[in-house]
Each structure stands twice: as C-alpha cells, then as structure tokens.
Amino acid sequence: MPHVTLPRIGTAQAWRDAARGFLTAGVPPEAVTWGDSSVEAGLFDDPATGTGSRPVTVPRSFIGLANTVVFHNDPARFARLYAFLWRLKDAPHLITDRGDAELAKLRQMEKNVRRCQHKMKAFVRFRELGGPADPRRSFAAWFEPTHHTIEPTAGFFTRRFADMDWRILTPDISVFFEDGTLRFEPDHPRPTLPPDASEDLWITYFRNIFNPARLKVQAMQSEMPKKYWKNMPEAAAIPKLIAEAPARARAMALAGPTLPPRRAAAALAQQAANVSAWQGPSEELPRAISACRGCPLHRTATQAVAGEGPLDAALMIVGEQPGDHEDLQGRPFVGPAGQLFDQLAAEAGLDRSRAFVTNAVKHFKFVPRGRKRIHQRPNSDEIAHCKRWLDAEIRQVRPRLILALGATAAEALTGSDKAISTRRGSVEKGPEGVPVLISRHPSYLLRLRDAAEKHAARAEAVADLKQAVELSQNIDLKKYY
Ligand code: URA
C-alpha cells in the first residue's frame, strides 16, 4: 500500500500533487495512507507513485477548502480530504451538500484553521533586534499556533511589514523575511528575545482602551485565549484589570456625563433648540445657568458666568466664554479682553451699560499649566450644549441686534464655523431671526504683535462697534436678508 509523506513546508502543493496523481490513477482512499514528515512511514508502506491518465475535474471551492484544511493539526486531515475528493469526482454536488457528515467535518476543520490564522495576525508580538545603524529594521517574535498556520498566514505579515526584516519563530516551522525574500525553516529552538522599549507603552495603551463597564470575562477569554497570554506583554495587566473592573465601572456610573462624539453636534443643536425656551421666571435664569451640569466644563470651572445687562437692551453682545478673571468674579468681560472691549466701545460711542453682555459658553475651559490656567477654545459639542442658555437669554432680552465677538459666538449664533476673516462686518441670520453682526474677538487684537496690523484691526473693530450701535437703533432687516 502506498504511503505519502508530505513535507512540512510546501504541504498544500505537495498534497494537491499527490492527490491528483492518485485520483487520475484511480487509487481508492483505502489503498493509500498519508502522513507528514513528523510521522514515520509504516513498515509495509511503499513510496507513493500516484500517476495516471484519467482526467479529473474538481469544484473550485474544494481547492479552497483543501488549501486550508491541510494546515489543520489533525493527523487524519490528508486522508479525510482525499476520501472526500474521491467521492466528489463522481458526485460534484457533494461540495454543497449540507447534510454530508464528512463535508461538515472538513468545514469545521477549515474554520479552526482560519480562526488560528486570525489569532496569529492579532497576537504575534514582535521585539526589535537590530541597532539604529542597520539599513533595515529587524524584528522577531515567538508564537505558538494551534494548527500549522505559519505558511498560509505569512503573506499577511509580508504585506504589512514589507519594508523591514522580520521572523516569526514557532515550535512548528518558522518564517523569515529578509531583504524582501520570504523563506521557511523547520525546527527552530525558542529564542531569547531582547526586552522591548515600547512594551510599557503598549501595556499602558491596552490599559487605557480597556473599558471596565463592558467587561465580559468569558467573551474576552474566548477572543484572547489564555494559551496566547504568555507571549503577549499586555496580558500581564489583565488579571488586575479584571479584578478592578467592578469598582471602576461603579465609579464611571457615578461620574458626570461625558461629551458625545462630534458627529452628534447637529442632533444636539436640534435638541438644544427644542429645550432652549427657558420657561421659568427671568430672575431665575442665572441660577439655572449656575446649576448646569450638561457638559464636563462645570467640573473644573469656579462658577458659571451668566449674561448681565438690561433685559430690554436693543443690543446683545456675545463673547466666547468667561476667561480666568471672569471665572473668578462671575461677571462677563471684566478681564483684559473686557477692558480692551470697553476702550473700543468708548471710541465707537457704544454705551456698554445699555447692552446685554454674555458669552456663548458659560463655563471657563482651560488647562492648568504651573500656576496658570491656560484658555482652551470650546469645541462644537460644548457650544451646542450651552446653546440652550444663550437661546434663553435671547428670548428673555429680545434684542434688535446681536454682536457676535469671535468664531465661537458666531458659530453658536449662526451655526456656521466659517472663518471670521471672511465674515467680519457682515450681518447674518441668528436665532429667532435676530440679525447677528459678526466681528472679531478683542483677544485677537491682544495677540497681534505687528503694530501696523494691530492698528488696522483696531480700526475695523471700532467700525464694527459703530455699526452695531447704528443697527441696534434702526435696522432694516429687508436690507440684510
Ligand atoms: N472673553 C470672552 O469671550 N468672554 C469673556 O467674558 C471674557 C473673555
């Protein structure tokens, strides 16, 4: 009886060649035995000589199935495949016969191999070998696959790491990619790999993406089976992360809300518009603003800063958000930007005490740096969250004109985040149809270093304020929109 010993490298091609030979020679499955080179040939076995002339055609999907199943670790895989192939030659429909027990077994084996390939792609961890002076970076990994998945998965690593040298050593065969050439070698001992400087970083990253509130230990262990852990640096962190998860999840549930993603801004703006009508008595609006916990900015700010001024003002002035001084004093525009605004207003003949002055965002957003609190521009979500309060103030005051100072105010009032440089001096439509005159924020002037630029920007700012006074007294909306 012929016995085929298949090589451990090039197994798929060798099995196909042998199977084709036996099939064309009409050798039935029971007349041949199969093994890989780790299995000794039986005492009475003949070397395989499968050649013949009967042309055979095989469904294409069987080739795909066989090309995967040959890498399973079941010693009977080659014989099973050949037995199925033998039946298939006279009954090609068997390849789609869901009731066929042999096909079901082969499909299951195919699934196991594919899963093992997937694990290899996900869990191989490389360590860098070479030095900085080497022409190509060089990496090595030790991996212990369940099936013989090195050969069929090598292409994935070649495509992904084409510009470096790497090797994946395993107790089975090992793969080397050097100077753009791929080769396989059997029986490499487990290497001692150098420690990796980026491993701590990787563990930290893993800790940070671990969400304790979504922990499902069984599902996690089925995705990342324990047998792979010993070669994965981040696995060392897992037991502690699991142990701490319930307490961390409880703390997360008790903590305040986090901001939704940026793409939710449109929906939030809509939502804010729906809830923006402040129904309570007007004198309670500042207190309601103070109590706002709608976004995380309240956690670090000293207090919310509501608008101030006459509730029948013809002009409303809207800035970005309270700064350091405003946060401490609880009043808008009292710091350096506010003082500059007062100078510009005096030049333009604008009486600030007759305007209602407020901000698009009511809490100070900053990052601490040493003893300073550095201003941070609010993002679109924060602007959208705070819009309900700005809308409530607009409904309360019903101004004839709103002056938007800077990009944040302009975005909150018009919904557009286009650059201020192309819009300043123009009138756009705002909430409730109230016209919005766009101008630069005074802090823009404070940042300018060039004297000529500063002079020109200041003249423009004064011109905008003059226009604001004029329009708030007598605006012809038809002229604008
Ligand atoms: N900048 C603003 O936009 N508003 C303030 O209240 C202070 C500085």
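The structure we're discussing is the one just above.
We now turn to the structure provided with this report. A quick note: this is a predicted structure, and the numbers were derived from the prediction, not measured. (Residues numbered from 1 in each chain as written. Predicted model: local features only at pLDDT ≥ 70, side-chain atom pairs only at ≥ 80, totals over all residues. Heavy atoms only, no water.)

Where nonpolar side chains cluster on the molecular surface, the patch consists of Trp202, Tyr205 and Ile209 and spans about 300 Å² of accessible area. Its location among the elements puts Trp202 in helix 6 (residues 199-209). Using a relative accessible area of 32% as the deciding quantity, one classes Trp202 as partly exposed. (Patch = residues over 30% accessible without salt bridge, like charges linked within 9 Å, V, L, I, M, F, W, Y side chains within 5 Å. Areas by Shrake-Rupley, 256 points an atom, 1.4 Å probe, with all protein chains shown as cover. Salt bridge = Lys/Arg side-chain N within 4 Å of Asp/Glu carboxyl O. Helix = DSSP H or I, 4+ residues; strand = E, 2+ residues; numbered from the N terminus. Buried < 20%, exposed > 50% of the residue type's maximum accessible area, 1.4 Å probe, protein only.)

With respect to the helices and strands, Arg77 occurs in helix 3 (residues 77-88). At 3.1 Å, the side chain of Arg77 forms a polar contact with the side chain of Asp36. Once residues within four sequence positions are removed from consideration, Arg77 is found in contact with Asp36, Val69, Val70, Phe71, His72, Met109 and His148. (Polar contact = N/O pair within 3.5 Å; in protein donor to acceptor, adjacent residues only side chain to side chain. Contact = heavy atoms within 4.5 Å.)

Buried residues dominate strand 6 (residues 165-169), accounting for four of its five residues. Inspection of the sheet shows strand 5 (residues 138-142) paired to strand 6 by five bridges, in the parallel sense. Bridging across to strand 6, Trp142 finds its partner in Leu169. Taken together, strand 5, helix 5 (residues 150-160) and strand 6 form a β-α-β motif whose crossover is right-handed. Here strand 6 runs beside strand 7 (residues 173-178); their pairing, made up of three bridges, is antiparallel. When the sheet's bridge partners are listed, Ile168 is paired in strand 7 with Val175. Counting the residues between successive antiparallel strands, the hairpin from strand 6 to strand 7 contains three residues. (Pairing = 2+ DSSP bridges. Right-handed = clockwise from strand over helix to strand, strands pointing away.)

For the rest of this paragraph, the subject is the sheet that holds strand 15 (residues 435-439). The strand order across the open sheet built from five strands is 10-9-13-15-14, with neighbouring strands paired in mixed fashion. Where the open sheet ends on each side, the last strands, each with one partner, are strand 10 (356-359) and strand 14 (427-429). Within the sheet, the average angular offset between the axes of one strand and its neighbour, ignoring direction, is 30°. Most of the contacts of helix 15 (residues 407-414) go to strand 13 (residues 401-405), to which it runs at about 140°, and overall it touches strand 9 (315-319), strand 13, strand 14 and strand 15. (Axes fitted to C-alpha atoms, helices over the stretch in contact; angles between N-to-C directions.)

Our next topic: the site of the ligand. Taken together, Gly319, Glu320, Gln321, Pro322, Gly323, Glu326, Pro332, Phe333, Asn359 and His441 make up the full set of residues near the ligand. Within the backbone of Gln321, a nitrogen or oxygen atom sits 3.0 Å from a nitrogen atom of the ligand. Within the side chain of His441, a nitrogen or oxygen atom sits 2.6 Å from an oxygen atom of the ligand. When its residues are assigned to classes, the shell around the ligand shows three nonpolar, five polar and two charged. (Near = heavy atom within 4 Å. Nonpolar A, V, L, I, M, F, W, Y, C, P; charged D, E, K, R; others polar.)

Moving on to helix 15. The element helix 15 is largely enclosed, with a buried count of six among its eight residues. Along helix 15, the positions that sit buried rather than exposed are Thr408, Ala409, Ala410, Glu411, Ala412 and Leu413. The secondary structure elements touched by the buried residues of helix 15 are strand 9, helix 14 (380-397), strand 13, strand 14 and strand 15.

Looking now at the sheet that holds strand 7. The five strands lie next to each other as 4-5-6-7-8, forming an open sheet whose pairing is mixed. Every other strand in the sheet has two partners, leaving strand 4 (127-128) and strand 8 (181-186) as the edge strands with one partner each. Judged from the two bridges that link them, strand 4 and strand 5 form a sheet pairing that is antiparallel. Opposite Glu128, over in strand 5, you have Phe139 as the bridge partner. Contacting strand 6, strand 7 and strand 8, helix 5 runs over the sheet at an angle of about 25° to strand 7.

With respect to the helices, strands and loops of the structure, Asp74 is situated in the loop between helix 2 (60-69) and helix 3. Asp74 sits in the buried class, given a relative accessible area of 18%. Taking the C-alpha atoms as reference points, Asp74 and Ala25, separated by 49 residues in sequence, lie 26 Å from one another. Excluding anything up to four places from it in sequence, Asp74 contacts Arg80 and Met109. In this structure the side chain of Asp74 is engaged in a polar contact, spanning 2.8 Å, whose partner is the backbone nitrogen of Ala76.

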